[in-house]
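Chains, contacts and geometry: an overview
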Amino acid sequence: MQSGPLSIYKHAAVVLLICLGTATCVHAKRAATYNAKARSGEAWAQLNQSNALTSYGQPVVEQLTKTTSVDHFSQAQYEPDGDSTFELRYVLIRPATPPNTSTPILLFCSQESALEDSQVGSGYYSDIANSIGALQVWPEHRYYATQQPFKPSDGRFVYLNIEQALVDQIEVVLHTQRTLGLSQSPVIAIGSSYSGQLAAWLRVRYPDVVAGAISSSPTLLGAPGLGLDPSYDPYGFAKIATRTASSEAGSAAACPTNVHKFFTTLFARAQTPEGLEQINTDLNLCRNSEVQSYGDVNATLAYYVLSSWVSAAQFNFPYALPGTGQTDIPAYPVREACNLLANDTLEGTPLFYAMSQALPIFTGNANISGGCLDTSAGGPSAFGYQICAQDYTPVSYDGEGPHAFDIESTKPQDPGSAVQARAQGLQYIQTWVNQYNAQKASIPMSNPSDLFNLAFDVGGYTSVWNNTLPGSNTNNTDANLSGTAAIYSSSV
C-alpha cells in the first residue's frame, strides 16, 4: 500500500487544485492551447496569402529575418564561426497610411510558440493599429522556431532565458526603426501571459527604447512578498478555477464535487493492478496513454486531467472557437463539460465515463484518436524548461474571467470588463505616445531610440539608464527606477 501523495485543498466548495507526488502544487499550463493553435493557423494562412501593397508601395505584410547573436552578453558576439549567430524571424505589418516619426510602433512581444502558432496580425491591438497609424512588429522567440540557436532536443538550453529574449526584441525594433527611417517613433510593447511579462520587463529594463507596455494577464504579480492587496494566497488560482466549474459561474452545482471524487477514486484505484486496468477501461485510454503503475497515474494521467480543467477555466470564452479536432470548442466549455458531471450520484465507472466524455470538449475532440482518449505528452518542451529554470510563478492570481481575454479581438459577447480594459489600454497608449513625442521635441537629439546616455522621466521613471546594449553608458545602471514605474509596465 502506498502512502497517498494526493493532497486536496478544500475552501468552501471543493477546489480542483491537486498536489501530485512530492512536487509543489501544479500550476496552470500557459503554453498554447488547442483552440489558440487553430486560430493561429488560420491567421497565419491569411497573412501568407496576402500579397497586397499599401498605397505607398510597401508590402502590407512582410516576413523578414535578422542576424542575431546567440549570446548577447558575450565578449565574442557575431563571430564568423557559424555558431555565434542565428536568423531571428519577425513579421512587419504596415498601417494603411505611411507611418511617421510621431506615430507609434507596436511591438507584439514574442510568444512561447513559433510565428505560425502565435496569432500574428490578430487581436484587439492589432485590429486598431490602422486607426492610430501604427506599424506592427511581431518577433519570434528564440528556441521556438525552425530557425533558432539550438533545438530543444539538443538539450542546449543555456541561451534560452528572459534576458537574451529581451535583447532579441530590442535589436529587432531598433533595426526596424533604423531601416525604415522611424528612429524617432515611440515604441509600445504589447503582450499577454508570458509575452505580457516580456512587455513589462522591456519597459522596465529598456525605458530608453520602450515608451510604454500593455501587459494582459501576466503572472508578474503572482508571487509572494510584493506587498499587494489582496495579499498572496497560495490557493488563489485554484479557487478561481473551481468557481468557473461551480453553480456560482453558471456550471452544474455537482461538478466540483464530482471532479474531486474522480481524483480520489483515481488514486485509490491506482494502488492495485486490477484498479489500474479499470482506469484504462473506464476512461477508454489509447494504448499509448494507458497507465501501468501508480507512478504513471501520479505523474501523467492525473496531471493531464488537472491541467485540462485548469486550462479550460483560463480559456472559458463566452463564444465558440475553432478546434483542431472534429468539432468546434463550444462557448463556455467548462459549463458544457460540467453538464456531463451534473449528477451528484455519479460513482466508479459512470463517473469515469463522464470524465472521459468531458475532457474532449476542451479541445474540440483533438485528444480523441481512433475513438479512444489520447493523453500522451509531446517531446522536450522549451517552455517547460523556462518555467523550471526561470519563469515559475506561484499561482496566486487575483481576478476572474478568461485568460488574456481583453487582448482578443472585440465580439458582441464581450463582457463589460473586457471592453473597459481595452479602452483603458488604448488610452494608455495615446498618453504614452503623446508624452514621448512631447519629450523628444523638447530635447535636442538625432535618434531617440538610441538614448543610451540620456536621463529622462517619461512614465514615472527618473534617471533611468541602459547599460546593456552597445554604446550605453556603463557608469550608470537602472537602479534608479521610481516606485510608480510598475504601474505603467502592467497597466491592464
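Conventions adopted
- Residues numbered from 1 in each chain as written.
- Predicted model: local features only at pLDDT ≥ 70, side-chain atom pairs only at ≥ 80, totals over all residues.
- Heavy atoms only, no water.
- Helix = DSSP H or I, 4+ residues; strand = E, 2+ residues; numbered from the N terminus.
- Buried < 20%, exposed > 50% of the residue type's maximum accessible area, 1.4 Å probe, protein only.
- Contact = heavy atoms within 4.5 Å.
- Areas by Shrake-Rupley, 256 points an atom, 1.4 Å probe, with all protein chains shown as cover.
- Disulfide = S-S within 2.5 Å.
- Expected span 1.5 Å × (residues − 1).
- Phe/Tyr/Trp six-rings, centres within 6.5 Å; stacked < 30°, edge-to-face > 60°.
- Lys NZ or Arg CZ within 6 Å of the ring centre and 35° of its normal.
- Pairing = 2+ DSSP bridges.
- Axes fitted to C-alpha atoms, helices over the stretch in contact; angles between N-to-C directions.

1. Concerning the overall build of the chain
When its secondary structure is counted, the chain shows 13 helices and 10 strands. Residue burial in the chain is summarised as follows: out of 492 residues, 52% are buried. Within the chain, contacts between residues at least 6 apart in sequence are counted, and of these 71% link residues at least 24 apart. Taken as a whole, the chain presents about 20,700 Å² of accessible surface, with 51% of it coming from carbon and sulfur.

2. Quick look at the state of the cysteines
Tallied over the full model, the rule gives two disulfides. Linked covalently through their sulfurs, C255 and C338 form a disulfide whose S-S length is 2.1 Å. On the sign convention where negative is left-handed, the bridge of C255 and C338, at about -65° about the S-S bond, is left-handed. With C255 in helix α6 (residues 255–269) and C338 in helix α9 (residues 333–339), this pair connects stretches of sequence that are 83 residues apart. Judged by its relative accessible area of 0%, C338 falls in the buried class.

3. Focus: the environment of P207
As for its placement among the helices and strands, P207 is situated in the loop between α4 (194–205) and β8 (212–216). Residues P207 and V187 lie 20 residues apart in sequence; the distance between their C-alpha atoms is 9.8 Å.

4. With respect to α6
Compared with the 21 Å implied by 1.5 Å per residue over 15 residues, the 21 Å span of α6 between its first and last C-alpha is a close match. The element α6 is largely enclosed, with a buried count of 12 among its 15 residues. Residues of α6 that are buried include every one of C255, P256, N258, V259, H260, K261, F262, F263, T265, L266, F267 and R269, and no others.

5. Remarks on the packing of aromatic side chains
Within a pair of aromatic rings, the relevant descriptors are the distance that separates the centres and the angle that separates the planes. Evaluation of the coordinates by the stated rule reveals nine aromatic pairs. With centroids separated by 5.5 Å and ring planes inclined at 75°, the aromatic side chains of F262 and F263 adopt a geometry described as edge-to-face. The exposure class assigned to F262 is buried, which follows from its relative accessible area of 0%. An aromatic cluster of three or more residues is present, and its members are F262, F263 and F352. If you follow R269 out to its NZ or CZ, it ends over the ring of F352, 4.2 Å from the centre. Stacked on the ring of Y332, the Lys or Arg R335 has its end atom at 3.9 Å from the ring centre.

6. Brief notes about unusual backbone geometry
The residue Y143 is not glycine, and still its phi comes out positive at about 75°. Tracing the backbone through its elements, the reader meets Y143 in the loop between β6 (135–139) and α3 (162–179). What makes Y143 buried here is its relative accessible area of 2%.

7. Description of the sheet that holds strand β5 (residues 105–108)
Across the sheet, six strands lie side by side as β3-β4-β6-β5-β7-β8; this open sheet has mixed pairing. A single partner strand is all that each edge strand has here, and the edge strands are β3 (61–69) and β8. Neighbouring strand axes in the sheet, compared pairwise and without regard to direction, differ in orientation by 25° on average. Sheet topology note: the β5/β6 ladder contains three bridges and is parallel. Within the sheet, the bridge partner assigned to L107 lies in β6 and is V137. Sitting on the sheet, α3 touches β3, β4 (85–93), β5, β6 and β7 (187–192), and the angle it makes with β4 is about 55°. Packing against the sheet, α4 makes contact with β5, β7 and β8, and its axis sits at approximately 150° to β7.

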